[in-house]
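Inside the fold
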Amino acid sequence: MDKILNKINSLWGLAIALLSSLLGRFWYLFAAFMLLNIVDYVTGIIKAKVFLIENSGKGLLGIIKKVGYWIVIALAFFISLSFENMGKTIGINLSFTRFLGWFTLATFIINETRSILENLVALGVDIPPFLTYGLEVASNVISKKEGESNK
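First, a word on what this report is: a plain description of the structure on this page. (Residues numbered from 1 in each chain as written. Predicted model: local features only at pLDDT ≥ 70, side-chain atom pairs only at ≥ 80, totals over all residues. Heavy atoms only, no water.)

1. With respect to the overall build of the chain
- A tally of regular secondary structure across the chain gives five helices and zero strands.
- Reading the chain from its N terminus to its C terminus gives the helix and strand order α-α-α-α-α.
- The burial tally for the chain puts 21% of its 151 residues in the buried class.
- Of all intrachain contacts in the chain linking residues separated by at least 6 positions in sequence, the fraction that spans at least 24 positions is 71%.
- Roughly 10700 Å² of accessible area belongs to the chain as shown, and the carbon and sulfur atoms make up 71% of that amount. (Helix = DSSP H or I, 4+ residues; strand = E, 2+ residues; numbered from the N terminus. Buried < 20%, exposed > 50% of the residue type's maximum accessible area, 1.4 Å probe, protein only. Contact = heavy atoms within 4.5 Å. Areas by Shrake-Rupley, 256 points an atom, 1.4 Å probe, with all protein chains shown as cover.)

If you want it as structure tokens, here you go:
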């Protein structure tokens, strides 16, 4: 039994080390977003089955959309890193552009969470109002901060 637990711990440690080296110190935010992608897709499928509106084309479009989210996030981080490096080259501090990627990720996390809640409400699950209100407030705050950073 100890050998099995040691192997599991080793694999878990390897996975964490790999994620940390690829995605940085906040890897868990990307992992959380991936989990939200999966949960949203699954709750969407369940909703489609319950309401008898299953459609493989819509399912494929959902997957393509989620891959698109990851592409947009990667682009946002790439652009912010590029601007930061260009700023270093020309002697201007553009480190504030790093927030582009984080704002993008935060926006998509809120949208995925909202979509999951919408699916659950459609399935008849009672969602506490503070959850939906809290997501709306968070979304508004992020939008406001994005607007301020664009000025």
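We are not done yet, so read on.
2. A look at helix 4 (residues 99-122)
- Along its 24 residues, helix 4 runs 34 Å from first to last C-alpha, staying within 8% of the 34 Å computed at 1.5 Å per residue.
- Inspection of helix 4 places G101, F103, T104, L105, F108, I110, E112, I116, L117 and N119 among the buried residues, and these make up the whole buried set.
- Trailing helix 4 by a residue or two, G124 shows a phi angle of about 95°, which is positive. (Expected span 1.5 Å × (residues − 1).)

3. Some remarks on the pattern of salt bridges
- Throughout the structure, instances matching the rule amount to four salt bridges.
- A salt bridge links E112 to K66; the nearest nitrogen and oxygen atoms lie 3.0 Å apart. In this pair, E112 is assigned in helix 4 and K66 in helix 3 (residues 56-90), connecting sequence segments 46 residues apart. Each of the two residues, E112 as well as K66, counts as buried.
- Among the salt bridges present, the one from E84 reaches R98, with a minimum N-O distance of 2.4 Å. Linking E84 in helix 3 with R98 in the loop between helix 3 and helix 4, this pair joins segments that are 14 residues apart in sequence.
- Its relative accessible area of 8% is what places E84 among the buried residues. (Salt bridge = Lys/Arg side-chain N within 4 Å of Asp/Glu carboxyl O.)

4. A closer look at the packing of helix 3 against helix 4
- Contact pair helix 3 / helix 4: the axes reach a minimum separation of 7 Å and the direction vectors enclose 160°. As the angle between them shows, helix 3 and helix 4 are arranged roughly antiparallel. Helix-helix and strand crossings are classified by hand; for helix 3 and helix 4 the assignment is left-handed. Contacts from K66, Y69, V72, I73, A76, F77, I79 and S80 in helix 3 reach L100, G101, W102, T104, L105, F108 and E112 in helix 4.
- Partitioning the contact of helix 3 with helix 4 into residue classes produces ten nonpolar, three polar and two charged. (Axes fitted to C-alpha atoms, helices over the stretch in contact; angles between N-to-C directions. Parallel < 35°, antiparallel > 145°, perpendicular 65-115°, else oblique. Left-handed = near helix turned anticlockwise from the far one by under 90°. Nonpolar A, V, L, I, M, F, W, Y, C, P; charged D, E, K, R; others polar.)

5. Points about a nonpolar patch on the surface
- Together, L60, I63, I64, V67, I71, L75, F78, I79, F83, M86 and L100 make up an exposed nonpolar region whose accessible area comes to about 1000 Å².
- Along the chain, the position of I63 falls in helix 3.
- I63 gets classed as partly exposed once you look at its relative accessible area, which sits at 41%. (Patch = residues over 30% accessible without salt bridge, like charges linked within 9 Å, V, L, I, M, F, W, Y side chains within 5 Å.)

6. Re helix 3
- The first and last C-alpha atoms of helix 3 sit 51 Å apart over 35 residues, in line with the 51 Å expected at 1.5 Å per residue.
- When we look at burial in helix 3, the residues that qualify are G59, G62, K66, Y69, I73, A76, S80, E84 and G87.
- Lining the buried residues of helix 3 we find helix 2 (27-50) and helix 4.
- With its phi angle positive at about 80°, G91 sits one or two positions after the end of helix 3.

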